[in-house]
Number of protein chains: 2
Amino acid sequence: MTADNTPAADAPAPAPVPAEDAAPAQNPLLPEGVTYCNFDDFSKIRLTVAEIIQAEAHPKADKLIKLQLRLGDREKQICAGIRAYYTPEELVGKRIIVVDNLEPRKLRGETSHGMLLAARGPDDTLALVTLDKPDFPTGGQVS
Amino acid sequence: MTADNTPAADAPAPAPVPAEDAAPAQNPLLPEGVTYCNFDDFSKIRLTVAEIIQAEAHPKADKLIKLQLRLGDREKQICAGIRAYYTPEELVGKRIIVVDNLEPRKLRGETSHGMLLAARGPDDTLALVTLDKPDFPTGGQVS
């Protein structure tokens, strides 16, 4: 240790050094463990209003429903893990919000071209994200 | 022009070169001009169910409403540009979905700690993103 690092007897006490294993302070305005994103991050995600025009059980996956969607002048298929919460019949006609530009992926032989948004609650409950105006035009961007 | 650039009379016709201003082919499953994102991109965005517990006109911005939100055991303020579409009174009690971890920003003196989701339609219409179950618990993640 050099003389420069040795505190003089009358120097103020050094600031306490946090223990290395101390958890970072939680921001009370954010969910636990979550950090900020910026608007550019959000802009990469395209959220779109869609109407469910057809719904049926996925033939090879107990938890999935296969949905045909209308999004303005486009139509496409997604698969959603909501079969424990909704029957196909009650889904038809609903407005939902989809992550429209999520890379397609194949789920047991059926391609999902996006992902619907849903909220999870306590006790294994689930609610679909929708609009407060049931007949709102589809295809519009959500931001 | 050099001799090398002059096609021989019996050479096969060169492949057509796309015009430099030709637009890239549009993927019919995506909105115009939009490219894919992946799940990591989506995971940076934290969407949370919130209840509007208080709403008032922003004192210094004609288009903004100041909202106090409950998100489970947290509360916070956001500002939303929806004053042309909703009165403060009709907003109180509604469930909305917010980009919970968007960097805070100050809007004419009031800090907005996130952004609510809304859909725009034709003819300057707007609908709020909400849940299909009006009394669903707040604070839960949307994914």
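In this text, all values refer to a predicted model and were calculated from it rather than measured experimentally. All residue numbers refer to position in the chain's written sequence, counted from 1. Lettering of chains starts at A and numbering of ligands starts at 1, both following the order in which they are written. Local features in a predicted model are, by the rule used here, given only for residues with pLDDT of at least 70; side-chain atom pairs are given and counted only at 80 or more, and totals for whole chains, interfaces and linings are based on all residues. For the side-chain quantities, the full set of heavy atoms in the structure was used; hydrogens and water were omitted.

Any Lys or Arg side-chain nitrogen found within 4 Å of a carboxyl oxygen on Asp or Glu counts as a salt bridge. Following the criterion strictly, the structure yields 16 salt bridges over all chains and no others. The residue glutamate 110 of chain A makes a salt bridge to lysine 66 of chain A at a minimum N-O spacing of 3.3 Å. With glutamate 110 of chain A in strand E6 (residues 110-112) and lysine 66 of chain A in strand E2 (residues 65-71), this pair connects stretches of sequence that are 44 residues apart. We note that glutamate 110 of chain A, like lysine 66 of chain A, is buried. The shortest N-O distance in the salt bridge between aspartate 132 of chain A and lysine 94 of chain B comes to 3.0 Å. Taken together, the positions of aspartate 132 of chain A in the loop between strand E9 (125-131) and strand E10 (141-142) and lysine 94 of chain B in the loop between helix H2 (88-91) and strand E4 (95-99) put the pair across two chains. The cut-offs for exposure are 20% and 50% of the maximum accessible area for each residue type, with area from a 1.4 Å probe on protein chains only; residues under the lower value are buried, those over the upper are exposed, and the others partly exposed. Relative accessible area serves as the criterion here: at 24%, lysine 94 of chain B is assigned to the partly exposed category. Among the charged side chains, a salt-bridge network with shared partners connects Glu51, Arg70, Glu75 and Arg95 of chain A. Secondary structure elements are taken from DSSP: a helix is a run of H or I of four residues or more, a strand is a run of E of two residues or more, and numbering for both begins at the N terminus.

Relating one copy of the chain to the other requires a rotation about an axis plus a shift along that axis. The superposition of copies rests on a least-squares fit of C-alpha positions from residues with pLDDT of 70 or more in both. When chain A is brought onto chain B, the operation consists of a screw motion whose angular component is 180° and whose axial shift is 0.0 Å, with 0.0 Å RMSD remaining. Expressed as a symmetry operation, the mapping of one chain copy onto the other fits a two-fold axis. Every residue of chain A has its C-alpha some distance from the rotation axis, and the shortest such distance is that of threonine 130 of chain A, at 2.7 Å. When the interface residues of chain A are mapped onto chain B, 100% of them again fall at the interface, so both copies present the same face. For this analysis, residues touch if any pair of their heavy atoms sits within 4.5 Å.

What follows is about the layout of surface pockets. Here a cavity means grid points, on a 1 Å grid over the protein atoms only, where a 1.4 Å probe fits yet cannot get out; a pocket means an open set of points with protein on both sides within 12 Å along at least five of seven lines; lining residues are those with an atom within 4 Å of a point. Grid points are joined across faces, edges and corners, and a volume is the space filled by probe spheres set on the points. Considered as a void within the structure, the largest pocket measures approximately 400 Å³ in volume. Forming the boundary of the largest pocket are 17 residues, of which Cys79, Ala80, Gly81, Arg105 and Met115 of chain B lie nearest the centre. Only strand E3 (74-80), strand E5 (105-107), strand E7 (115-116) and strand E8 (118-121) of chain B provide two or more residues apiece to the lining of the largest pocket. When residue character is reported, Ala, Val, Leu, Ile, Met, Phe, Trp, Tyr, Cys and Pro are called nonpolar, Asp, Glu, Lys and Arg charged, and the others, Gly included, polar. Within the lining of the largest pocket, the residues separate by chemical class into 10 nonpolar, 4 polar and 3 charged. If you add up the space inside the second largest pocket, you get close to 350 Å³. Residue lining of the second largest pocket: 18 residues in total, with Ala80, Gly81, Met115 and Leu116 of chain A together with Ser143 of chain B positioned closest to the centre. Looking at the lining of the second largest pocket, the elements that each hand over two or more residues are strand E3 (74-80), strand E5 (105-107), strand E7 (115-116) and strand E8 (118-121) of chain A.

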